[in-house]
Amino acid sequence: MRSSEPADLAEVVTERFGGDGADVTVASAPGRVNLIGGHTDYNDGFVLPVAIDRRTAVAARPRTDRTVQVFSTNVGETRTFSLDSPATEESSWVGYVEGVARSLADEAPSPVSGLDLAVRGDVPMGGGLSSSASLELAAATALNETWTLGHDRTELADRCWRVEREFVGVECGIMDQFVVALGEPDRALFLDCRTREYERYPLDEDVRVVVTNTNVEHELVDSAYNERVAQCREGVELLAESPSNDVNALRDVSVAEFEERAETLPETVRDRCEHVVRENERVKTAANALETGDMERIGALMGASHRSLRDSYEVSCEELDFVVETAESVDAELGSRMTGAGFGGCVVSLVRADSVESFAETVRAAYAAETGIEPDIFPCAVGDGAGVENRPSE
Ligand code: GLA
């Protein structure tokens with residue numbers, strides 16, 4: 001049984017809402033960390049994330065009416081909505097569950113029942129490890145099963161991605177929901193965000209993925225994110241003006257084409273485009289390096305990715321830069337970069353397995369001394385994507 005303890009969570013449903021546990025379904029979904037491919041997904045580009053061994057679980061039991069009650073063991077509160085009433089525009093955690101439930105219910109072939117739900121998770125919230133995609137996919141997987149809708153994991157990922165965009169109002173790409181749905185243990189997922197084709201590559205057993213949560217979150221992440229999306233779009237419009245090319249997204253621009261046209265672009269747009277164009281190349285090179293087991297190469301590419309996100313894309317911050325620089329000073333570290341949207345959140349590092357503890361202690365002590373903030377540093381096993389943990393009467 002996984003750390004999310006599905007049997008326990010099924011019991012939470014009966015404790016909270018009465019009745020028996022015979023028809024409770026439990027599903028869970030992981031958080032994620034992206035090894036490389038920062039801000040490429042909404043540019044139709046490439047990413048190389050992994051699902052991590054921190055998960056969110058959702059237990060679901062059908063009701064005889066159209067009410068949905070959701071209890072979160074993390075928050076310690078129950079929220080209620082009706083599938084027959086208009087959406088509540090809820091901006092807290094329950095909004096993700098409601099968005100997913102309404103989206104699936106609205107397009108179900110026949111009317112669906114209400115639900116008693118319990119939620120529990122250990123993906124840090126707001127830390128850039130996709131706790132929201134994890135909750136969305138856990139809920140979507142549980143509801144898909146309870147309502148026997150028969151969607152596959154790719155469809156659920158797409159559905160949750162739409163909910164996230166509508167609900168949060170951030171024009172995010174597909175990466176988070178996709179890897180949270182389709183990750184596999186010990187494998188990184190190389191994803192083409194345009195075609196949604198993917199390949200899974202095994203990770204070297206002697207290397208660990210280590211996450212350092214800076215425990216800072218600067219303001220304006222969402223507006224800065226949408227500003228980057230707009231700047232990339234502007235770059236596409238300018239680069240598409242030449243009749244000789246067919247540019248629909250920055251993904252369609254090669255490094256050579258970019259270099260030829262760079263001087264014609266306004267400075268900020270040029271910097272943003274340069275990051276994305278070169279980052280896509282780095283992700284493809286990193287995927288090839290994974291295939292040949294060249295982890296040192298991946299580490300070097302991660303360092304280059306971070307510097308580009310810092311200098312050209314301007315989505316890093318002092319705390320992230322400090323962690324990356326400190327991490328890079330440790331011999332056993334192969335590479336580090338900020339991961340997620342930026343302006344705080346987490347750094348991902350590849351570290352030799354026998355030195356994870358000393359690496360963590362070096363980074364922790366230096367960061368705490370520099371900032372006065374205790375970071376959370378933890379190695380992640382690369383875990384499974386979303387799935388049903390147990391079905392009724394199993
Ligand atoms: C956030 C978004 C992702 C992706 C990353 C940056 O995590 O949710 O879609 O754009 O930022 O790579």
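Cut-offs used in this document
Residues numbered from 1 in each chain as written. Predicted model: local features only at pLDDT ≥ 70, side-chain atom pairs only at ≥ 80, totals over all residues. Heavy atoms only, no water. Near = heavy atom within 4 Å. Polar contact = N/O pair within 3.5 Å; in protein donor to acceptor, adjacent residues only side chain to side chain. Areas by Shrake-Rupley, 256 points an atom, 1.4 Å probe, with all protein chains shown as cover. 1 Å grid on protein atoms, 1.4 Å probe; cavity = no way out; pocket = protein on both sides within 12 Å on 5 of 7 lines; lining within 4 Å. Sits in = over half its atoms within 2 Å of the grid points. Nonpolar A, V, L, I, M, F, W, Y, C, P; charged D, E, K, R; others polar. Salt bridge = Lys/Arg side-chain N within 4 Å of Asp/Glu carboxyl O. Helix = DSSP H or I, 4+ residues; strand = E, 2+ residues; numbered from the N terminus. Buried < 20%, exposed > 50% of the residue type's maximum accessible area, 1.4 Å probe, protein only. Pairing = 2+ DSSP bridges. Phe/Tyr/Trp six-rings, centres within 6.5 Å; stacked < 30°, edge-to-face > 60°. Points joined across faces, edges and corners; volume = space filled by probe spheres on them.

**Observations concerning the site of the ligand**
Here is step 1 of the chain: Surveying the vicinity of the ligand reveals 13 residues, the closest of which are Arg32, His39, Asp41, Asp176 and Tyr225.
Here is step 2 of the chain: Contact distances for the ligand include 2.7 Å between an oxygen atom and a backbone N or O atom of histidine 39.
Here is step 3 of the chain: Relative to its free-state accessible area of 310 Å², the ligand is covered by the protein chains to the extent of 90%.
Here is step 4 of the chain: Counting atoms within 2 Å of the grid points, the majority share of the ligand lands in the largest pocket.
Here is step 5 of the chain: Each residue belonging to the shell around the ligand can be placed in one class, and the counts come to five nonpolar, five polar and three charged.

**Topic: the pattern of salt bridges**
Here is step 1 of the chain: Within this structure, the stated rule accounts for 28 salt bridges.
Here is step 2 of the chain: A salt bridge links aspartate 44 to arginine 194, with the nearest nitrogen and oxygen atoms 2.9 Å apart. Taken as a pair, aspartate 44 in the loop between strand E1 (25–34) and strand E2 (46–47) and arginine 194 in the loop between strand E7 (187–192) and strand E8 (198–202) lie far apart in primary sequence, 150 residues in all.
Here is step 3 of the chain: Salt bridges linked by common partners bring Arg61, Arg63, Asp65 and Asp116 together as one network.

**Description of the pairing of E7**
Here is step 1 of the chain: Of all six residues in E7, five are buried, a share of seventy percent or more.
Here is step 2 of the chain: When E2 meets E7, the two strands line up antiparallel, connected through two bridges. Bridge pairing in E7 links phenylalanine 46 to aspartate 192.
Here is step 3 of the chain: In terms of strand pairing, E7 meets E8 through five bridges, oriented antiparallel. Residue pairing for E8: alanine 188 is matched across the bridge by tyrosine 201.

**Details of the packing of aromatic side chains**
Here is step 1 of the chain: Taken as a whole and judged by the stated rule, the model has five aromatic pairs.
Here is step 2 of the chain: Relative to phenylalanine 190, the ring of phenylalanine 46 lies with its centre 5.6 Å away and its plane at 10°, an arrangement referred to as stacked. Note that phenylalanine 46 is positioned in strand E2 and phenylalanine 190 in strand E7, a separation of 144 residues in sequence.
Here is step 3 of the chain: Its relative accessible area of 15% is what places phenylalanine 190 among the buried residues.
Here is step 4 of the chain: With 6.5 Å between their ring centres and 45° between their planes, phenylalanine 322 and tyrosine 367 make a pair best called tilted.

**Describing the layout of surface pockets**
Here is step 1 of the chain: The volume enclosed by the largest pocket comes to roughly 1000 Å³.
Here is step 2 of the chain: Gly126, Gly128, Ser130, Ser132 and Glu164 are, among the 50 residues lining the largest pocket, the residues nearest its centre.
Here is step 3 of the chain: The element that contributes the greatest number of residues to the lining of the largest pocket is helix H3 (residues 131–146), accounting for four residues.
Here is step 4 of the chain: The class makeup of the residues in the lining of the largest pocket is 20 nonpolar, 21 polar and nine charged.
Here is step 5 of the chain: Here the second largest pocket defines a volume of roughly 330 Å³.
Here is step 6 of the chain: Forming the walls of the second largest pocket are 16 residues, and the residues nearest its centre are Gly99, Arg102, Val163, Glu166 and Phe167.
Here is step 7 of the chain: Put simply, the parts of the chain that give the lining of the second largest pocket at least two residues each are helix H2 (94–106) and helix H4 (153–168).
Here is step 8 of the chain: Per element, the largest residue contribution to the lining of the second largest pocket is six residues, and it comes from H2.

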